[in-house]
Amino acid sequence: MSTTADTATAILPFHLEISDDELTELRRRITATRWPSTELVADRSQGVQLSPLQKLARFWVTDYDWRKAEARLNALPQFTTEIDGVDIHFIHVKSSHENALPLIMTHGWPGSVIELLDSVGPLTDPTAHGGSAEDAFHLVLPSIPGYGFSGEPKELGWDPARVAQAWAELMQRLGYTRYVAQGGDVGASITDAMGRQGPEGLIGIHTNLLVTGLAGGDHPSDSEEEKAAIAALANFRATGFGYFLEQATRPETIGYALLDSPVALAAWMLDHDTDSYYKIAGAFVDEKPTGNLTRDNILDNITTYWLTGTGASAARSYWESGQAQGAGQAPPGVTIPVGFTTFPDEIFRAPRSWVEQSYPSLVYFNKADKGGHFAAWEEPEVFATEIRATFRSVR
């Protein structure tokens, strides 16, 4: 006999199965796209360029196979569980190595669990990827509420702090009494919030985007490295902040296009930081992927947003973050061990002085040799090496 409480906290298997009709409709909508004229500049300063987007659309219709992505996801243990009224989807891969450390890792925007899949092997089975068994992790990859295969929040308040609380509940529900957390982009905000909340069992965090730097504020500015970071942030706000501002203030407005046109969705998701844009555009224009940013992987992620209809609900997460920041409540400090990796092609390269200012409990800092904003996706082996190095001291 099961009780209502048992049902509410149940962890259920998840199997993905998209109908042929949905895929046919996707291709029909791509084919029916009304295209604008070519931009009047030779770079991305007017937005996503026509040539790479048309080549993406052509590949999407003629060569792309969603069934491969579907099979790849279904080959991993996937589950759902209801937390705070929202169905949370997550991948849960247990390592075969003894004493593996549980790790909850959070994706960002415009990403999804798709961007983290290539890091599953290196993190759960390090001996097969040049690491040692002592560096193994049990891996939990949840979809943020409103993203991908998780449910949409039906009420206000799902800011990073609330998601962080849900992740603590998820890890407790999975039976993990000692674990670590990692995140980039939106996932970095959630992981930062987890570190500040300090839930029982969380013993360390790692991020690869300094959200306290991205939010502005007073940071050291004397060294050349610090001046370069300030200049990079100023450039981002002047030339690449459009998606951020729209989603933080008017997510519903852009949501109509994201739910109605797959090409509009693709363009919106490509219009992120300059480095990622040119890497993704190059995969389609020159057919030269950067790391694992291949045409298929890129479209796996975009197609996930389309098939789940989560363009608008994911955008709302930025609005929620903006509302929370506007509340003006100073968050508590982080006292547990913190690791940080700055990747060379990130929106800005966070100086160690900035990271130490935000996280006095910093135990690991490194400048990676390669990788950008989508570090786990682009360079999964490098990314995994950074995660292993961060958490060795807390095992």
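Right above here is the structure, for reference.
Definitions and cut-offs
Residues numbered from 1 in each chain as written. Predicted model: local features only at pLDDT ≥ 70, side-chain atom pairs only at ≥ 80, totals over all residues. Heavy atoms only, no water. 1 Å grid on protein atoms, 1.4 Å probe; cavity = no way out; pocket = protein on both sides within 12 Å on 5 of 7 lines; lining within 4 Å. Points joined across faces, edges and corners; volume = space filled by probe spheres on them. Helix = DSSP H or I, 4+ residues; strand = E, 2+ residues; numbered from the N terminus. Nonpolar A, V, L, I, M, F, W, Y, C, P; charged D, E, K, R; others polar. Axes fitted to C-alpha atoms, helices over the stretch in contact; angles between N-to-C directions. Parallel < 35°, antiparallel > 145°, perpendicular 65-115°, else oblique. Contact = heavy atoms within 4.5 Å. Buried < 20%, exposed > 50% of the residue type's maximum accessible area, 1.4 Å probe, protein only. Pairing = 2+ DSSP bridges.

S.K.: Looking at this model, I keep getting lost on the layout of surface pockets. Mind explaining?
M.R.: Gaps left between atoms show up when a probe the size of a water molecule is rolled over them. Each pocket or cavity is described by its volume, and for the largest pocket that value is around 1400 Å³. What lines the largest pocket is a set of 49 residues, and nearest its centre among them are Pro-160, Ser-189, Ser-321, Ala-324 and Gln-325. Looking at the lining of the largest pocket, the elements that each hand over two or more residues are α6 (160–173), α7 (186–197), α8 (211–214), α10 (242–249), α11 (251–260) and α15 (311–326). Looking at the lining of the largest pocket, the element that brings in the most residues is α15, giving ten residues. Its residues assigned to classes, the lining of the largest pocket comprises 28 nonpolar, twelve polar and nine charged. Forming the walls of the second largest pocket are 19 residues, and the residues nearest its centre are Arg-44, Gly-47, Val-48, Thr-239 and Asp-271. Contributions of two or more residues to the lining of the second largest pocket are made by α9 (224–239), α10, α11, α12 (262–270) and α13 (274–285). A class-by-class count of the residues in the lining of the second largest pocket yields nine nonpolar, seven polar and three charged.

S.K.: Help me out: how do you make sense of the packing of helix α3 (residues 50–62) against helix α14 (residues 295–308) in this one?
M.R.: Packed helix pairs are characterised by how far apart their axes lie and by the angle those axes make with each other. At a minimum axis separation of 11 Å, α3 and α14 run at an interaxial angle of 85°. Looking at the two axes, α3 sits roughly perpendicular to α14. Across the interface between the two elements, Leu-56, Phe-59 and Trp-60 of α3 pack against Arg-295, Asp-296, Leu-299, Ile-302 and Thr-303 of α14. Grouping the amino acids of the contact of α3 with α14 by side-chain chemistry returns five nonpolar, one polar and two charged.

S.K.: Honestly, the pairing of strand β5 (residues 137–142) in this entry has me stumped. Any pointers?
M.R.: Consecutive side chains of a regular strand alternate in pointing toward one face of the sheet and then the other. Where burial is concerned, most of β5 is hidden: six out of the six residues are buried. Burial along β5 is two-sided: the residues Phe-137, Leu-139 and Leu-141 and His-138, Val-140 and Pro-142 are all buried. Bridge analysis of strand β3 (residues 86–93) against β5 gives four bridges, and the strand direction is antiparallel. Counted as the bridge partner of Ile-91 is Leu-141 from β5. The pairing of strand β4 (residues 101–106) with β5 spans four bridges and is parallel. Among the inter-strand pairings, Leu-101 is bridged to a residue of β5, identified as Phe-137.

S.K.: Mind showing me how you'd approach the environment of Pro-251 here?
M.R.: Within the element layout of this structure, Pro-251 appears in helix α11. On the accessibility criterion, Pro-251 (8% relative accessible area) is buried. For the pair Pro-251 and Ala-314, spaced 63 residues apart in sequence, the C-alpha separation works out to 8.6 Å. Apart from the residues within four sequence positions on either side, Pro-251 is in contact with Glu-246, Ala-315, Arg-316 and Trp-319.

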